[in-house]
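Per-entry structural report
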Amino acid sequence: MPDLTISSTLHSAGRVLALSGEIDMATEHNFQEAVTEALVTQPHGRVVLDCTDLRFIDSSGLRVLIRAHKTAKEHQVLLAIAAPIHRVLQTLRVTSLDTRIPIFDTVSEALTAPFGDG
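Let me sum up the structure you'll find in this document. (Residues numbered from 1 in each chain as written. Predicted model: local features only at pLDDT ≥ 70, side-chain atom pairs only at ≥ 80, totals over all residues. Heavy atoms only, no water.)

**Here's the deal with the packing of helix α1 (residues 28-40) against helix α2 (residues 59-74)**
Each pair of packed helices can be summarised by the angle the axes make with each other and by the distance between the axes. How we decide: The convention used is that axes are lines fitted to C-alpha atoms, helices contributing only their stretch in contact, and that angles between N-to-C directions extend from 0 to 180 degrees. Counting from the N terminus, the helices are the DSSP runs of H or I reaching at least four residues and the strands are the DSSP runs of E reaching at least two. Should an angle fall under 35 degrees it is called roughly parallel, over 145 degrees roughly antiparallel, and 65 to 115 degrees roughly perpendicular, with every other angle called oblique. Less than a right angle of anticlockwise turn of the near helix away from the far helix marks a crossing as left-handed, whereas a clockwise turn marks it as right-handed. Pairs of residues are marked as contacts when any of their non-hydrogen atoms sit within 4.5 Å. Just so you know the grouping, Ala, Val, Leu, Ile, Met, Phe, Trp, Tyr, Cys and Pro go in nonpolar, Asp, Glu, Lys and Arg go in charged, and all remaining residues, Gly too, go in polar.
The contact between α1 and α2 brings their axes to 10 Å, and the two run at 15 degrees. On the basis of their axis angle, the class for α1 and α2 is roughly parallel. Crossing hand, α1 versus α2: right-handed. Of α2, the residues touching α1 (which contributes E28, F31, Q32, V35, L39 and V40) are S60, G61, R63, V64, L65, R67, A68, T71 and A72. Along the lines of polarity and charge, the residues of the contact of α1 with α2 split into eight nonpolar, four polar and three charged.

Set out below in structure tokens:
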């Protein structure tokens, strides 16, 4: 049974959502809700998706990321992805999502990176 655990931590530089498990059709809704809530409650801040323990993401998860990117732009929030495992990183690269959402090696790099145009 696929599972996804999302824990949210507030840092001085922004909010970190730690994703653990798999993002697919079964968990897409929970992921969407958590990301949207984080983005709309972080005005002019940043939201980092910590993918250290994310084992898998499919097209439904990628759709959520595309919507999240749009929401982040609307709310002037920097959305970043941190520490994706190789398989997840490959998926982001193949779909060119890495050109829209900045990807960092670590959560601290994502929290301290200068605010760009995204």
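Read on, since the account is not over.
**Details of the nonpolar core**
Applied cut-off: Residue types Ala, Val, Leu, Ile, Met, Phe, Trp, Tyr and Cys, when buried and joined through side-chain atoms within 4.5 Å, form a set referred to as a nonpolar core. Relative accessibility decides the category of a residue: with a 1.4 Å probe and only protein chains considered, values under 20% of the type maximum give buried, values over 50% give exposed, and everything between is partly exposed.
Within the largest apolar cluster, 26 residues are counted, with the highest numbers of intra-cluster contacts made by L19, F31, L39, L49, L54, L65 and L79. Counting residues per element, the ones that place at least two in this core are β2 (14-23), α1, β3 (46-57), α2, β4 (78-82) and α3 (86-94). Residues in contact with L79, not counting those within four places in the same chain, are L39, V47, L49, A68, H69, A72, I101 and P102. The next biggest cluster of nonpolar side chains, apart from the first, holds nine residues, and it includes V48, A80, A82 and V107.

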